[in-house]
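Descriptive analysis of the structure
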Amino acid sequence: MRRSSPTAILAVVSFGVFVAADDLTVVSTMLRQIIFDLRIPLPDGLNDAAWIVNAYLIAYVVVMPLAGRLSDLWGRRAVYLGAFTLFLVGSVWLPLAHDLPTFIVGRVLTALGGGAMVPVGMAVIGDVYEPRQRPGALGVLGAVDTAGWVWGPLYGALLIRYLNWRWQFYLNVPLAVVGMAAAWYALRDWPRPAGRERLDGWGATALTAGLLSLNLALLRGSDVQSVGSLAELTDGRSAGVWPLYLAACACLGLFVWIERRLAFPLVDLRLFRRPNFTPAVLVNFLVGGVLIIAMINVPLLVNVLEVEVERAALVSGWLLSALTGAMALLAYVGGRLSGRW
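Treat the numbers as computed from the prediction; the structure is a model and nothing was measured.

**Considerations on the nonpolar core**
- Membership of the largest hydrophobic core comes to 30 residues, with the highest contact counts inside it found for Ile9, Tyr80, Met117 and Val124.
- Breaking this core down by element, the ones donating at least two residues are α1 (6-25), α4 (51-74), α5 (76-93), α6 (100-128), α7 (134-162) and α8 (166-186).
- In this view, Tyr80 contacts Val12, Val13, Gly16, Val17, Met117, Val120, Ala183 and Leu187; residues no more than four positions away in its chain are not counted.
- Judged by nonpolar contacts, the second largest core, of 22 residues, contains Ile35, Ile52, Leu94 and Leu100.

And the structure:
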C-alpha cells in the first residue's frame with residue numbers, strides 16, 4: 001500500500017488543528033448567551049462564569065507536553081486519534097449541559113483533545129518533512145492554527161445571531177468524525193514507536209500539579225468583581241493564595257529536578273541551552289498572554305457597550321478577527337522565509 005504524501009498528511013493534520021483552534025476562541029463571543037442559558041447570576045457569578053474559559057485554558061496547557069511525549073511512545077496516529085476522540089466526546093456532551101459544572105466538564109474534555117492535537121500535529125510534520133522543508137510546513141500549520149483563532153470569534157458571533165451557541169458543538173461532531181477518518185487513513189504508516197522508553201510519570205505529575213496550582217493562585221488572587229480600586233486589590237485581600245504560589249514553585253522546581261536526572265525526560269531541558277530557543281519561547285509566551293487578554297476583554301467590553309446580544313457578538317467577532325487576521329498570513333510568510341534564509 002502506498003504511503004500518503006507529506007502534503008496530504010499536512011492537510012489532514014491542519015484540519016484537526018483548525019477545528020481545535022476554532023473551539024479555543026469561539027466561546028469568547030458566546031459568553032453572554034452561555035451565561036444566560038446556564039442561569040449564572042451577574043455580577044455575583046462573574047468569577048464562576050470565568051471558569052468557562054479558565055477550565056479550557058488550564059486543560060489545554062497541561063495536556064500539551066504530555067501528549068507530545070505520549071506520541072513518541074505510542075505512535076502519532078494512536079495519540080492523534082485518541083485526542084480527536086476526546087474532542088468528539090466533549091462536543092457531544094456540551095449541548096446537553098444545563099448547568100455550569102456539567103458545562104465545564106465538557107469544556108475540559110474538548111480542551112484535552114484539542115490541546116493534544118497541536119503538539120502531535122507538529123511532531124507529525126517533523127517526521128514526514130525533510131529539515132529544509134520543515135519550516136515552511138510548520139509555517140502552514142501555524143497559519144492554519146491562527147486562522148482557527150481568527151475564525152472562531154466571528155463564527156461564534158454568526159451562530160449567536162442566527163442560531164444559538166449549542167450549534168457550535170453540534171457541528172463539531174461531523175467535523176470530528178471526518179477528521180478522525182482522514183487521520184486514520186493518512187497516518188496509517190507514519191510513524192511508529194521506535195523504542196521501549198517509559199513515560200516520565202513523576203515529571204508529568206509534578207508539571208501538572210505546578211501548572212494547576214499556579215493557575216488557581218492567579219484566579220483566586222484576581223477576584224475583582226467587588227474591588228473598587230487598585231489599592232483594594234493589593235491590600236492583602238488575596239493573602240490566602242500564597243500557599244498556592246508556594247505549591248506551584250515547589251512543584252515546578254521538583255519538575256526541573258526530575259527532568260535533569262532522567263535519560264528520557266518529558267521535556268528535554270537541554271533545549272534551553274540553544275541560543276535561539278529561549279528567546280523564541282519567551283516571545284511566544286508574551287504574545288500568547290496578550291492574545292488571551294484580548295480574546296476575553298474585547299467581548300466583555302463590547303457587551304458592556306452594546307445592548308443587543310446578537311449585535312454585541314457580531315461586533316466582538318469582527319474586532320477579534322481584525323486583531324488576529326494578520327497573524328495567520330504572517331505565520332505562513334515567516335515559515336517560508338525561515339526555510340529560505
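That shown, we press on.
**Remarks on the packing of aromatic side chains**
- In total, this model carries eight aromatic pairs according to the counting rule given.
- Both rings, one in Tyr80 and one in Phe84, keep their centres 5.8 Å apart while their planes meet at 90°; by these two values the pair is edge-to-face. With Tyr80 and Phe84 both in helix α5 and four residues apart, the pair spans about one turn of that helix. This pair shows no difference in class: Tyr80 is buried, exactly as Phe84 is.
- Geometrically, the ring pair formed by Phe272 and Phe277 is edge-to-face, given 5.0 Å between the ring centres and 85° between the ring planes.
- Judged by relative accessible area, which is 26%, Phe277 ranks as partly exposed.
- Aromatic rings pair up to connect Tyr80, Phe84 and Phe87 into one cluster.
- Over the aromatic face of Tyr185 sits the side chain of Arg188, whose NZ or CZ is 4.1 Å from the ring centroid.

**As for α8**
- Here α8 contains 21 residues, and its C-alpha end-to-end distance of 31 Å stays within 8% of the 30 Å for a straight helix at 1.5 Å per residue.
- Contacts from the buried residues of α8 go to α1, α2 (31-37), α5, α6 and α7.

**Points about a nonpolar patch on the surface**
- A cluster of nonpolar residues, Leu329, Leu330, Tyr332, Val333, Leu337 and Trp341, forms a patch on the protein surface that exposes about 670 Å² of accessible area.
- Locating Val333 in the fold gives a position in helix α13 (residues 309-340).
- In this structure Val333 comes out as partly exposed when scored by relative accessible area, which is 31%.

**Some details on the pattern of salt bridges**
- Under the counting rule described, the total for this entry stands at three salt bridges.
- When the shortest N-O distance is used, the salt bridge between Arg76 and Asp127 registers 2.7 Å. Remark: Asp127 occurs in helix α6 and Arg76 occurs in helix α5; sequence separation between them is 51 residues.
- Residue class for Arg76 comes out buried when judged on its relative accessible area of 9%.

What counts and how
Residues numbered from 1 in each chain as written. Predicted model: local features only at pLDDT ≥ 70, side-chain atom pairs only at ≥ 80, totals over all residues. Heavy atoms only, no water. Core = buried A, V, L, I, M, F, W, Y, C linked by side-chain atoms within 4.5 Å. Buried < 20%, exposed > 50% of the residue type's maximum accessible area, 1.4 Å probe, protein only. Helix = DSSP H or I, 4+ residues; strand = E, 2+ residues; numbered from the N terminus. Contact = heavy atoms within 4.5 Å. Phe/Tyr/Trp six-rings, centres within 6.5 Å; stacked < 30°, edge-to-face > 60°. Lys NZ or Arg CZ within 6 Å of the ring centre and 35° of its normal. Expected span 1.5 Å × (residues − 1). Patch = residues over 30% accessible without salt bridge, like charges linked within 9 Å, V, L, I, M, F, W, Y side chains within 5 Å. Areas by Shrake-Rupley, 256 points an atom, 1.4 Å probe, with all protein chains shown as cover. Salt bridge = Lys/Arg side-chain N within 4 Å of Asp/Glu carboxyl O.

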